[in-house]
Amino acid sequence: MKPRILELDGLRGIAALAVYFIHSGGFGLRGFGDLGNAIVDHGKFGVTLFFVVSAFCLCLSIATAVEGEPVDWRRFFIRRYFRIMPLFYAACAVTAVVKIWGGMPADYVAGVLTKHFSLITMVDPTTRNALIGIEWSVFVEFLFYFMFPFVLAWLIEAPLSMVAVTAVLMWPPVCKAITDNLGIVEPNFTIFWHFHSFLIGMLVFRLVWADAQRRPVLGSALFAVAVGLSVVAIDKHDHGFSVSAVSLAAACTIAAAHYGSPLVAWLRWRPLTLVGAVSFSIYLFHPLMMGVVGEFNALTPLQAVLALCLTLGVSSCTYLAIEVPAQQFARRMTLRHSPTPA
């Protein structure tokens, strides 16, 4: 097994806590006016951070493809499926039981589960948040897995054109025009709105893969840019701009860690990396834990702390009981078959 890159775990930890932060109600920070609201509202872009890190890690998992080596895509898809779907199915099942017990019609829940488990929700926007409330991002992520082989070929063969397309897609009016023409409602819950975040994650991989030298000064400069982008995004309180700013900030931070900047050493802080290791469990189960102690998106600071403790406890258990065994099973499953490079 490849060693974990602790800085990436740190970024995942920040992403999970950011999403938790906005869904909890902001720990009372909204009471501080516009600035408090802007900070809390930007917690939603923890999902954007997840997407950038995910795309970077996808490239990292098959890095030799950049050098022209063939990839066994069957193994790739098996591992990606077992990386997220067993835990997602478990979260859906537990949430379904709770929702039925709380009065949600059983036939409606069964219909949603059928679409979730069969992956129909990837192309059916009516059920993208019908059960857990945050599952849209899981299906955006999984849809990108299907696109990844083609986007990877694009990255290898024509990276400059990818840079140009990414720059265009970063402008919110472009994404809005595309989704409006397609008749898409709530485009921020679709891959169209976040596709550039995945592309940015892949482009930063291409950048650092081609430059293996340690450059702490350059890394520190990139991290300063990341901080500046984050501050400007919050100050402007412009959600259209923010998704692009957060994507670029994440990419700059990844590059800063690669070049050895001492300014990102805090990303290796042990508690933060532990949160990052179980971040997917945190993301899936935090709405349920919030419902146990209060009302989702409207918790008091004390309730938010209590729900966070419950979420961390449950997530640690599901990580050990479901995530790790599922990944080990996928690894054994792929090793049984001879590779079929393509």
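Look a little higher up for the structure.
What you see as residue numbers is a count from 1 along each chain, following the sequence as written. Owing to the predicted nature of the model, reporting of local features is limited to residues with pLDDT of at least 70; listing and counting of side-chain atom pairs is limited to 80 or more, with chain, interface and lining totals taken over all residues. Each side-chain value is derived from all of the structure's non-hydrogen atoms; neither hydrogens nor water enter the calculation.

Overview of the layout of surface pockets
- Cavity and pocket criteria rest on a 1 Å grid covering protein atoms alone: a 1.4 Å probe that fits but cannot get out defines a cavity, protein on both sides within 12 Å along at least 5 of 7 lines defines an open pocket, and an atom within 4 Å of a point defines a lining residue. Grid points are joined across faces, edges and corners, and a volume is the space filled by probe spheres set on the points. Space inside the largest pocket adds up to approximately 1600 Å³.
- What lines the largest pocket is a set of 45 residues, among which Cys57, Ser61, Arg80, Arg83 and Gln327 lie closest to the centre.
- Listing elements by their share of the lining of the largest pocket, those giving two or more residues are α1 (6-24), α3 (46-61), α4 (73-101), α6 (136-157), α13 (279-293) and α14 (301-335).
- All residues other than Ala, Val, Leu, Ile, Met, Phe, Trp, Tyr, Cys, Pro, Asp, Glu, Lys and Arg, Gly among them, are scored as polar; the first ten of these are nonpolar and the last four charged. In the lining of the largest pocket, the residues fall into 25 nonpolar, seven polar and 13 charged.
- For the second largest pocket, the calculated volume is near 620 Å³.
- Surrounding the second largest pocket, 23 residues form its lining, Ile14, Ala18, Leu49, Ser230 and Val246 being those nearest its centre.
- Within the residue set of the lining of the second largest pocket, elements represented by two or more residues are α1, α3, α10 (216-236) and α11 (239-258). Runs of H or I in DSSP of at least four residues are treated as helices and runs of E of at least two as strands, each being numbered from the N terminus.

Things to note about the side chain of serine 197
- Within the element layout of this structure, serine 197 appears in helix α9 (residues 191-209).
- The contact rule is simple, with two residues in contact once any of their heavy atoms fall within 4.5 Å. In contact with serine 197, not counting residues within four places along its chain, are Thr48, Phe51, Val52, Val243 and Ser247.

Regarding the packing of aromatic side chains
- Aromatic contacts are taken between Phe, Tyr and Trp rings whose centres are within 6.5 Å, Trp giving its six-membered ring; a plane angle under 30 degrees counts as stacked, one over 60 as edge-to-face, and the others as tilted. Under the criterion given, the structure shown has 27 aromatic pairs.
- Aromatic pair phenylalanine 56 and phenylalanine 205: ring centres 5.9 Å apart, planes at 75°, arrangement edge-to-face. One end of the pair, phenylalanine 56, is in helix α3; the other, phenylalanine 205, is in helix α9, and 149 residues separate them in sequence. An identical accessibility class is assigned to phenylalanine 56 and phenylalanine 205; each is buried.
- Judged by centre distance (5.4 Å) and plane angle (15°), the rings of phenylalanine 76 and phenylalanine 148 are stacked. Note that phenylalanine 76 is positioned in helix α4 and phenylalanine 148 in helix α6, a separation of 72 residues in sequence. Residues phenylalanine 76 and phenylalanine 148 agree in their burial class; the two are buried. The buried label applies to any residue whose accessible area, calculated with a 1.4 Å probe on protein chains only, is under 20% of its type's maximum; exposed applies above 50%, and partly exposed to all values in between.

Some words on the environment of glutamine 303
- Position of glutamine 303 relative to the elements: it lies in helix α14.
- With a relative accessible area of 25%, glutamine 303 lands in the partly exposed category.
- Residues glutamine 303 and glycine 111 lie 192 residues apart in sequence; the distance between their C-alpha atoms is 32 Å.
- Residues within four places of glutamine 303 in sequence aside, it is in contact with Val293, Gly294 and Ala298.

Looking at α4
- One fewer than the residue count of a helix, multiplied by 1.5 Å, yields its expected span. The end-to-end C-alpha distance of α4 is 41 Å, a good match for the 42 Å that 29 residues give at a rise of 1.5 Å each.
- Of all the bends in α4, the greatest reaches close to 30° and is centred on phenylalanine 82; the proline proline 86 follows between one and four positions later.
- Throughout this description, a polar contact denotes any pair of N or O atoms lying within 3.5 Å of each other; where both atoms belong to protein, one of them has to be capable of donating a hydrogen while the other can accept it, and for residues adjacent in sequence the pair is counted only when both atoms sit in side chains. Between the side-chain oxygen at the start of α4 and the backbone nitrogen of arginine 74 there is a gap of 3.2 Å, and the oxygen is on aspartate 72.
- In the segment just after α4, glycine 103 is the residue with positive phi, at about 115°. Note on bend: at a given residue it equals the angle between the axes fitted to the 7 residues ending there and to the 7 starting there.

As for the packing of helix α7 (residues 159-169) against α9
- It is at 10 Å that the axes of α7 and α9 come closest, and there the two elements cross at 145°. The element α7 and its partner α9 pack so that their crossing is left-handed. Here Pro159, Met162, Val163, Thr166 and Leu169 of α7 come into contact with α9, specifically with Phe195, His196, Leu199, Ile200, Leu203 and Arg206. All axes are obtained by fitting lines to C-alpha atoms, using only the stretch in contact for helices, and the reported angles, taken between N-to-C directions, cover 0 to 180 degrees. In this scheme the crossing of two helices becomes right-handed for a clockwise turn of the near helix relative to the far one and left-handed for an anticlockwise turn of less than a right angle.

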